[in-house]
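# Notes for the structure review
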Number of protein chains: 2
Amino acid sequence: MSKVKPNTPKGTRDFSPAVMVKRNYIFDTIKAAFQKYGFLPIETPAMENTSTLMGKYGEEGDRLIFKILNSGDFTRSFKDKSGKVGEGGFTLNDDYRQLTTIISEKALRYDLTVPFARYVVQHQNDITFPFKRYQIQPVWRADRPQKGRYREFYQCDADVIGSKSLFNEIELVQLMDEVFSKLNISTTIKINNRKILSGIAEIIGEQEKIVTITVAIDKLDKIGIEGVNKELIENGINQEAIEKLQPLIKFEGTTAEKLTFLKQLLATSEVGLKGIDEVEKIISTLDNNELQSAVCELDITLARGLNYYTGAIFEVKSNQGGLDSSICGGGRYDDLTGVFGLPNTSGVGISFGADRIFDVMDALNLFPASVTTSTQVLFVSFGEPEQAYCIPLVTKLRNEGISAELYPDAGAKMKKQMAYANAKNIPYVIVVGSDEMESNLLTLKIMETGNQEKLSIEDITAKIEH
Amino acid sequence: MSKVKPNTPKGTRDFSPAVMVKRNYIFDTIKAAFQKYGFLPIETPAMENTSTLMGKYGEEGDRLIFKILNSGDFTRSFKDKSGKVGEGGFTLNDDYRQLTTIISEKALRYDLTVPFARYVVQHQNDITFPFKRYQIQPVWRADRPQKGRYREFYQCDADVIGSKSLFNEIELVQLMDEVFSKLNISTTIKINNRKILSGIAEIIGEQEKIVTITVAIDKLDKIGIEGVNKELIENGINQEAIEKLQPLIKFEGTTAEKLTFLKQLLATSEVGLKGIDEVEKIISTLDNNELQSAVCELDITLARGLNYYTGAIFEVKSNQGGLDSSICGGGRYDDLTGVFGLPNTSGVGISFGADRIFDVMDALNLFPASVTTSTQVLFVSFGEPEQAYCIPLVTKLRNEGISAELYPDAGAKMKKQMAYANAKNIPYVIVVGSDEMESNLLTLKIMETGNQEKLSIEDITAKIEH
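The structure contained in this document is the topic of the report that follows. Not measured: the values here are computed from a predicted model. (Residues numbered from 1 in each chain as written. Chains lettered and ligands numbered in written order. Predicted model: local features only at pLDDT ≥ 70, side-chain atom pairs only at ≥ 80, totals over all residues. Heavy atoms only, no water.)

## Thoughts on the sheet that holds strand β8 (residues 295-298) of chain B
Residues and elements named next belong to chain B. Pairing is mixed across the open sheet formed by eight strands, whose spatial order is β1-β5-β6-β11-β10-β9-β7-β8. The open sheet has two edge strands with one neighbour each: β1 (40-41) and β8. Contacts between helix α13 (residues 270-288) and the sheet are confined to β7 (187-193) and β8, with β7 contributing the most and set at about 150 degrees to the helix. (Pairing = 2+ DSSP bridges. Helix = DSSP H or I, 4+ residues; strand = E, 2+ residues; numbered from the N terminus. Contact = heavy atoms within 4.5 Å. Axes fitted to C-alpha atoms, helices over the stretch in contact; angles between N-to-C directions.)

In C-alpha cells form, the structure reads like this:
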C-alpha cells in the first residue's frame, strides 16, 4: 500500500459535523412538512439501468450522466459484440458513445423525477393513486464544478401522481410556504402556466416556436428586453410577432392586473384562457387561505423545465441575501410515465434544492442557535479510579436522555480535556477528582459563564435542560 | 423516446413507504444512540478517487469495487496514454485491469471505514482528537446478488479515532447494547482480541500463520472441529501445532473459565497475556455496569476482519429467529490512516448492518405498531364547494402538528376516497357534505371501529392524539 494524497473527487465534498447538523436541520424541516401534508417516503437505488436514464434529459443531460463500468472483465462483452478483436487487444471504429453502451450498463441517477417515474410504472399494481410520495436522496451530474454547483448534491422532491385536480397545485404552494416559513426564509413563490405560454405563442402566430420564445423570455431578468428581442430575432421569430410580444413582456402590475391584461390579450386562444383560469383558481384559493410568509405571484417569464411541464410551473426565490438563484421549483407534467409504458398519468411536483437553501441560510445567518452539535455533558476525570467512578454516572445521564461523554484517556491533562469540551461546544463539564468521589458531590462547570458548583448527580440531571 | 421495461439494476432495490418507515425506525434508533453517546455525524461523497479505495480490501475487494467511467470522451485519455491508436480506433495489448485505470478515475465507496480514514487525514488540522464520528450512508459492492445480500446497502458506523483507552471499547459495547435494547432485539455480543490470537499462534509455534489459523478457527460453527483441523493441515500447519490447539478449540465454559484457561495456556506469551488483560478489563467493567439486555461473552473463535484489527474484535448476533448472521461488528485498528500519511493513530469502531437488522426484526415481528405511515386524517368531500370548505380546515389541523390530507379529486366517489384512506392506513376520516357545511359539525369516522360522530373541528383536533 503506497501513500496516497487524500482528497475527494473534483466537485464533491465531505460534510463535517458542524455542517451536517445544519444540513440535517434543513432536511428534517422539509421532511416534517412533507409528512404533515401526507406525503410518504420512498427511496430508489443510486444506480439505474442506463436505458432508464438515457434520452430523458436531452443531449446535454445524457452527456452529464455518470456511467458505471460493468464489473469484471468488461472488455469481454466488448470483444463479443464488436467482433473486431485485434492482435491481443481490440479495435473499434465507432466513437466513445457507442463504446460506452457496450462497457457500461448502469449509471448514477441524474435527478429523482425519472427514477420516480420508473418506480411508479414498476410498482403500479401496489400503488394506490393518487400517490403522494417524497424522496430525499443525492443525485450526480458530471457538470463542470463551480461555486455553488457540485457533482453530488441532494434533491428533496414531493410529487402527487394520478390526480389532475388543481387542489394539488394549491397544496404544493402551501407546502413550499410551510417549509420556508419554518426555515425563516422570506420568499416569493412565482407561478406560471405552460398553457398561458402556449396561448401567447398561438396569438403571435408562432405556435411551433413556443420553446424558443419562452427560453428567451425566461432570460428577461438577466439580459433585459433588448437582449430578449435580439435572441428572438436570432432564432427566426418574425418582426410582427416580436412586436406583438412587447406589451406583454413590458407589462408591469399586480397579479390581478396581469390576469386582466392576459385575458384580453389571449381572448382568442382557448388554451391560453384555460391557463389563465388555472392560475386564477390557484391564486384566489390561496388568497382565501393565507400563506404563512411567502408572497405568491404570477410571472409569465417563468419557463423552467418547459420540455416536460404541461400546466403549472413553480419557482421560489429568497427575498433577501441577494442570492438570485432558485431554491425550489416544480410544475405539472402530464405524461412522465408514458415512456415506461404507463400513459395518461398526470403528476405535479416540487423539488427543494438543499444546497442552495443552505447557502441562503448560511449567508443570512438563519440557523437557530439550538442547531449545534449534540453532546450536552462531558465528564472530565483525573485518573483510572475517577474514570471508573464516572462510568455509571455517564450511563445514568444517558438513560435520562442526556447526551453525555466521558473523556476516554484517563491520564490526560485537565487542559486537554477542557479543550476537547470547548472544541465540541459542550455546554456542561463535570469534573471528578478524589474530593468528588468521597463526597459524591460533583463539580459542574457551566462553560458559557465559567461558573462552578458542587452538586449531586440527581441535581445535575435536573439542572440540565433536556 | 422508446418504451423501456422499467426495472432496478440487479442486486438493487426500491424501498416503498411501508418498508421505508420501518427502515427509518432502525436508522433513527441507531442515530439517537450515537448522539446520546457523543458521536458526531459526518458524510463523505459516494464517489472516491479510485486510488483512495484500491488496495485496501484485498484482491477480491478490488474486484468488487464499482468503477465510474470518466465523463466525456474517455477514449481520448486512453489514446493519449497508450500511444497505440489504431486506424480510426484503438488497440491495447494489456488486460482490462490496466484499461480500467485509464478510463476510470473514480469509484463508488465500498465501505465507510476507508473513506473515514481518508477524511481524518484530509481534515486532520480541523479535527479535535479523540474524534467520535458516526456515519450512516449506503455502500456499493459488485457482489453476486443473493438472498439478503445486495449491491447497494447501508452501513451505520461509529468510530473513535485518536484514543488508545480501553474505555472506548467498553463504551462501544454499551452502545451496541443500547441500540439492540431499544430495538427490542435480544443479542449476544461476542468479543475477542487479536492479541490473544497472536499469543495462540505464538505458543503453538506458528506466528507467521496467524491469519490462516484464525480463518480456520472462525469456521468452527460451520464446519466443526474435523473441518477446522482438515483446513489447518491443508494450509501447512504442522501436526504438533494442531494438537496443541485442540484443548483450546474444544474448551467450553463461561467467559471467566475461558480467561483462567487462557492465562495458563498463554503464560509464556507476552502479547497473549496483554490480550487477556484487555478482555478482562472490558468484561469486568461491564459486569460492574450492567448492560440493558445483551449478553457479552468472550469467543476466541471470533476473527472477523483480522487483516486490520489489532486489538478488540466485536460481533453481535441475534439470540432469536435462527438468523445466524452478524448484525453488528467491529474492532480496534491501530494504523488505518497510515496509508494516507497519518501514522500511529489508533481507532476503534463498530458497524451496524441495517439490512440484516431489518430482516431479524421483520422475521420476529419486532417493529412497534406505531411504526406506520404517517397521515393521521383524511378529509373526504363530495364536490367543489365542500372541498373549498375543507381547505382551511386541513390547514388548521396541520398547524396543530397533525398530519392531514384532503382527497384531491373533488368529484371522486365516496367509495374511492374511503379506499384511499384504507390503503394508506389513515386512522381518521372526516366526511364533509352540505349538512356538515351548514352546521359546522363535521362527521368524524374512526376507521378501526367504524364509529362515527359529529364534532366541531376544535373537538376533533383535541380528540386526535398527536
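## Details of empty space enclosed by the protein
On inspection of all chains with the given rule, the structure shows two cavities of 30 Å³ or more. In this structure, the second largest cavity encloses a volume near 30 Å³. Partitioned by chemical class, the residues of the lining of the second largest cavity number three nonpolar, no polar and three charged. (1 Å grid on protein atoms, 1.4 Å probe; cavity = no way out; pocket = protein on both sides within 12 Å on 5 of 7 lines; lining within 4 Å. Points joined across faces, edges and corners; volume = space filled by probe spheres on them. Nonpolar A, V, L, I, M, F, W, Y, C, P; charged D, E, K, R; others polar.)

## Topic: the relation of the copies chain B and chain A
Between chain B and chain A, the superposition needs a rotation of 180 degrees and an axial shift of 0.0 Å, giving an RMSD of 0.0 Å. With respect to symmetry, the two chain copies, as superposed, fit the operation of a two-fold axis. Considering only C-alpha atoms, the part of chain B nearest the rotation axis is B:I68, at 2.2 Å. (Least-squares fit on C-alpha atoms with pLDDT ≥ 70 in both.)

## Notes on the environment of B:Y309
Within the fold, B:Y309 resides in the loop between β8 and β9 (312-318). When the C-alpha positions of B:Y309 and B:N193 are compared, they lie 8.6 Å apart, and in sequence the two are 116 residues distant.

## Here we look at the interface of chain B and chain A
If you look at the interface, chain B gives 110 residues, while chain A gives 110 residues. Across the interface of chain B and chain A, roughly 9,200 Å² is buried in total on both sides, 60% from carbon and sulfur atoms. In this structure, the connection of chain B to chain A is made through six salt bridges. Between A:E171 and B:R398 there is a salt bridge; the shortest N-O distance is 2.6 Å. Taken together, chain B and chain A are joined by 38 residue pairs in polar contact (both at pLDDT 80 or more). For the side of chain B that touches chain A, the element with the highest residue contribution is helix α15 (residues 384-399) of chain B, accounting for six residues. Tallied by class, residues from the side of chain B that touches chain A come to 46 nonpolar, 42 polar and 22 charged. (Buried area = accessible area lost by both parts, 1.4 Å probe. Salt bridge = Lys/Arg side-chain N within 4 Å of Asp/Glu carboxyl O. Polar contact = N/O pair within 3.5 Å; in protein donor to acceptor, adjacent residues only side chain to side chain.)

## Brief notes about the packing of helix α10 (residues 220-234) of chain A against helix α11 (residues 239-250) of chain A
To describe two helices that pack against each other, one gives the angle between their axes and the distance between the axes. Residues and elements named next belong to chain A. In the contact formed by α10 and α11, the axes pass within 9 Å of each other and the chain directions differ by 165 degrees. As the angle between them shows, α10 and α11 are arranged roughly antiparallel. When you trace α10 past α11, the crossing you get is right-handed. In this structure, α10 uses L220, I225, V228, N229, L232 and I233 to contact α11, whose residues at the interface are Q239, I242, L245, Q246, I249 and K250. Taken together, the residues that form the contact of α10 with α11 break down as eight nonpolar, three polar and one charged. (Parallel < 35°, antiparallel > 145°, perpendicular 65-115°, else oblique. Left-handed = near helix turned anticlockwise from the far one by under 90°.)

## Quick look at the packing of aromatic side chains
The tally for this structure, following the rule as stated, stands at 26 aromatic pairs over all chains. Where A:F34 meets A:F352, the ring centres are 5.8 Å apart and the plane angle is 55 degrees; that geometry is what we call tilted. Placement of the pair is A:F34 in helix α1 (residues 17-36) and A:F352 in strand β11 (residues 347-353), with a sequence separation of 318 residues. The same class applies to A:F34 as to A:F352, namely buried. Measuring from centroid to centroid gives 6.2 Å for B:Y25 and B:F367, while their planes differ by 65 degrees, and the two rings are edge-to-face. A residue pair is termed long-range when its members are at least 10 positions apart, and B:Y25 in helix α1 (residues 17-36) and B:F367 in the loop between α14 (354-363) and β12 (377-381) qualify at 342 residues. On the accessibility criterion, B:F367 (12% relative accessible area) is buried. Members of the aromatic cluster, joined through ring pairs, are A:F34, A:F39, A:Y134, A:F180 and A:F352. Cation over ring: A:R141 sits above A:Y110, and NZ or CZ is 4.1 Å from the ring centre. (Phe/Tyr/Trp six-rings, centres within 6.5 Å; stacked < 30°, edge-to-face > 60°. Buried < 20%, exposed > 50% of the residue type's maximum accessible area, 1.4 Å probe, protein only. Lys NZ or Arg CZ within 6 Å of the ring centre and 35° of its normal.)

## Quick word on the environment of A:I457
Residues and elements named next belong to chain A. Tracing the sequence through the fold places I457 in helix α18 (residues 457-463). A relative accessible area of 7% places I457 in the buried class. For the pair I457 and L397, spaced 60 residues apart in sequence, the C-alpha separation works out to 8.4 Å. Filtering out sequence-adjacent residues up to four positions away, I457 remains in contact with F379, L393, K396, L397 and L442.

## Describing the environment of B:Y110
All names here are of chain B. Mapped onto the elements, Y110 comes out in the loop between β4 (104-108) and α6 (113-122). Take Y110: its relative accessible area is 11%, and that puts it in the buried class. Note: C-alpha distance between Y110 and F66 (44 residues apart in sequence) is 8.1 Å. Setting aside residues up to four positions removed in sequence, Y110 forms contacts with Y57, G61, L64, I65, V139, W140 and R141.

## Describing the pairing of β8(B)
Strand residues, when the strand is regular, have side chains that alternate between the two faces of the sheet. Residues and elements named next belong to chain B. Only one face of β8 is covered, namely the one carrying C296 and L298; the face carrying V295 and E297 has none of its residues buried. The pairing of β7 with β8 spans four bridges and is parallel. For I189, the partnering residue across the bridge sits in β8 and is C296.

## With respect to the packing of α1(B) against helix α7 (residues 167-182) of chain B
Residues and elements named next belong to chain B. Closest axis-to-axis distance for the α1/α7 pair is 9 Å, and the angle between their directions is 145 degrees. The element α1 and its partner α7 pack so that their crossing is right-handed. Here Y25, T29, I30, A33, F34 and K36 of α1 lie close against α7, whose contacting residues are L175, E178, V179 and K182. Split into classes, the residues belonging to the contact of α1 with α7 amount to six nonpolar, one polar and three charged.

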